[in-house]
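# Notes for the structure review
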Amino acid sequence: MHRLLRELDRLDARGGPTRVKPRRELGQTLFVALVTTALVSAMGLVILHKQWGITLGLDGFTRTNALGRPPEVATGIGAFAFSDHQPGDPSSPVAYDPCDQIHVVVNERLTPAGADGLVEEALTELSGRTGLQLVVDGPTDDLPGEERPSRKLTPQGWRWSPVLVAWSTPEDDPGLAGSVAGLGGSTSVLDEFTGQRRYVTGTVSLDTPALEGMLARQEGRAHVRAVILHELAHVVGLAHVDDPRELMFQDNVGLTEFGPGDLEGLAALGSGRCFT
């Protein structure tokens, strides 16, 4: 009898089998909750990807549905260089976000006679060569210069300033002094979360007096268009090369179309990942 009582006391001290059941039920409840949360999250990620091309990677949410694609081009037969590279990765260029439109405004105040439509033609070709969507918003009174802000306050809130293409003079833009017929480039910002840089706005300045004289020559319109293409290629991220077969050759005096290296570089600039 004493032995039986001691055994009952021992079972009571351990809590008995009735105390195990609530823990098991709690574990089952937590398991069901975790599975349900995982399923809902997975469905949400599928919807994000299908609707907006958003995916979750190690560096956060990114979009993958670029607005356009560059054409297939031959590689390794020409020279090209990028204006800037991603931090610590010389093989990856800084570029515009291929999932966002690049808005452009044009200061037409000093457009020379015979140059109407050339900027639009050049933008259309560059869009086709890169897959980037360059969209003309319309005319502007903005002038090129260091004081032009990278951001502007709009009715929709703060936005990156559109890329500016301006017909100008050496008096308005001292960078056009001498034999310089045009200038082009872009401003980049660093995404602190991903550690990647991207271009957000840029400027092209065209020397009206110099290009007006060029227009008067034989095939002048094609040569002025080449100047605009050259400067817009700087805007999207190409640098000068030492190969005279390329339009990005610094001292080009005859080419009117992109060379094989130019085309390879432009396609690479439009093939990057989307940004957060």
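The structure under discussion appears in the preceding block.
Residues numbered from 1 in each chain as written. Predicted model: local features only at pLDDT ≥ 70, side-chain atom pairs only at ≥ 80, totals over all residues. Heavy atoms only, no water.

Positive phi is not limited to glycine here, since Glu219 has a value of about 55°. Following the sequence through the fold, Glu219 ends up in the loop between helix 4 (208–215) and helix 5 (220–236). What makes Glu219 exposed here is its relative accessible area of 55%. (Helix = DSSP H or I, 4+ residues; strand = E, 2+ residues; numbered from the N terminus. Buried < 20%, exposed > 50% of the residue type's maximum accessible area, 1.4 Å probe, protein only.)

Okay, the state of the cysteines next. Covalent bonding between the sulfur atoms of two cysteines defines a disulfide. A complete count under the given rule lists one disulfide for this structure. Covalently, Cys99 is tied to Cys274 through a disulfide, its sulfur atoms 1.6 Å apart. Of this pair, Cys99 sits in the loop between strand 4 (89–93) and strand 5 (102–107) while Cys274 sits in the segment after helix 6 (260–269), and the two are 175 residues apart along the sequence. With a relative accessible area of 6%, Cys99 lands in the buried category. Judged by its relative accessible area of 3%, Cys274 is buried. (Disulfide = S-S within 2.5 Å.)

Here five bridges tie strand 5 to strand 6 (residues 134–139), and the two strands are oriented parallel to one another. The residue bridging Val104 from the neighbouring strand is Val136, located in strand 6. Chirality of the crossover, the property in question, places the unit of strand 5, helix 3 (residues 118–130) and strand 6 among those that are right-handed. (Pairing = 2+ DSSP bridges. Right-handed = clockwise from strand over helix to strand, strands pointing away.)

Moving on, we get to the pattern of salt bridges. With the rule as written, the count across this model stands at nine salt bridges. When the shortest N-O distance is used, the salt bridge between Glu257 and Arg225 registers 3.4 Å. Of the two residues, Glu257 sits in the loop between helix 5 and helix 6 while Arg225 sits in helix 5, which places them 32 residues apart along the sequence. The network of salt bridges with shared partners includes Glu121, Glu125, Arg129, Arg221, Arg225 and Glu257. (Salt bridge = Lys/Arg side-chain N within 4 Å of Asp/Glu carboxyl O.)

Here we come to the sheet that holds strand 5. Strands in a sheet are paired, the pairing made by backbone hydrogen bonds, and the direction either parallel or antiparallel. One open sheet accounts for five strands, arranged 6-5-9-11-10; its pairing is mixed. Each end of this open sheet is capped by a strand with a single partner; those strands are strand 6 and strand 10 (182–190). Looking at each pair of strands side by side, their axes are set apart by 20° on average, direction ignored. Sheet topology note: the strand 10/strand 11 (residues 197–207) ladder contains nine bridges and is antiparallel. Note on strand 11: the bridge partner recorded for Gly185 is Thr203. Across the face of the sheet, helix 4 comes into contact with strand 9 (163–168) and strand 11 while running at roughly 65° to strand 11. (Axes fitted to C-alpha atoms, helices over the stretch in contact; angles between N-to-C directions. Contact = heavy atoms within 4.5 Å.)

If you check helix 3, its first and last C-alpha atoms are 18 Å apart, about what 13 residues at 1.5 Å a residue would give, namely 18 Å. When helix 3 is considered as a whole, its buried residues turn out to be Leu118, Val119, Ala122, Leu123, Glu125, Leu126, Ser127 and Thr130. Looking at the buried side of helix 3, the elements it contacts are strand 5, strand 6, strand 9, helix 5 and helix 6. One or two positions beyond helix 3, positive phi appears at Gly131, with a value near 85°. (Expected span 1.5 Å × (residues − 1).)

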